[in-house]
Amino acid sequence: WFSILNSFMIVVFLSGLIAMIMIRTLRKDFQRYEQQDYLEEGQEETGWKLVHGDVFRPPPMAGWLSVFIGTGFQLTFSVIFLMIFACFGFLSPANRGALMQAMLFLF
């Protein structure tokens, strides 16, 4: 249990670190854009101004994207529930097909 908790805490810490870096970068970009009312001649656009047109553009195959995202979420939550059941002892390691049968049932 200690190694699982340790791994989980490392993931949470690194995710928080990345989030803080992203927030700091975004705040700096927003402050710089608020200070500039207009671009001077010869100055190149940088940062979010380069990608602002691409952010809200729909993907070319939106239907397939939604199918893959939905299937990924379903598989992820099925595996999470399966691991929870296995950790609480509902699935016995002595019954060899119980894990696969439970995965198919949860899917």
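Please read all numbers here as calculations on a predicted model, not as lab measurements.

Undergrad: What's the story with the overall build of the protein in this structure? I'm lost.
TA: When you go through the protein residue by residue, the secondary structure sums to four helices and zero strands. Along its sequence from the N terminus, the protein presents helices and strands in the succession α-α-α-α. The buried share of the protein, taken over its 107 residues, is 7%. Of the contacts made within the protein by residues no fewer than 6 positions apart, 33% connect residues no fewer than 24 positions apart. Of the accessible surface of the protein, which amounts to about 10000 Å², a share of 70% is contributed by carbon and sulfur atoms.

Undergrad: Can you help me understand the confidence of the model for the protein in this one?
TA: Interpretation of the predicted coordinates at a detailed level should be avoided for regions scoring low in pLDDT. Put simply, the protein has an average pLDDT of 82, and 84% of its residues get 70 or more. Mean pLDDT per element in the protein: helix α2 (residues 48-55) is the minimum at 70, and helix α3 (residues 62-87) is the maximum at 91.

Undergrad: What exactly am I supposed to notice about the packing of aromatic side chains here?
TA: What describes a pair of aromatic rings is the distance from one ring centre to the other and the angle between the planes of the rings. Applying the stated criterion across every chain yields a total of three aromatic pairs. The interplanar angle of 15° and the centroid separation of 6.2 Å between the aromatic rings of Phe73 and Phe77 together place this pair among those described as stacked. Taken together, the residues Phe73 and Phe77, both in helix α3 and four residues apart, mark about one turn of the helix. Judged by its relative accessible area of 43%, Phe77 falls in the partly exposed class.

Rules used in this analysis
Residues numbered from 1 in each chain as written. Predicted model: local features only at pLDDT ≥ 70, side-chain atom pairs only at ≥ 80, totals over all residues. Heavy atoms only, no water. Helix = DSSP H or I, 4+ residues; strand = E, 2+ residues; numbered from the N terminus. Buried < 20%, exposed > 50% of the residue type's maximum accessible area, 1.4 Å probe, protein only. Contact = heavy atoms within 4.5 Å. Areas by Shrake-Rupley, 256 points an atom, 1.4 Å probe, with all protein chains shown as cover. pLDDT = per-residue confidence, 0-100. Phe/Tyr/Trp six-rings, centres within 6.5 Å; stacked < 30°, edge-to-face > 60°.

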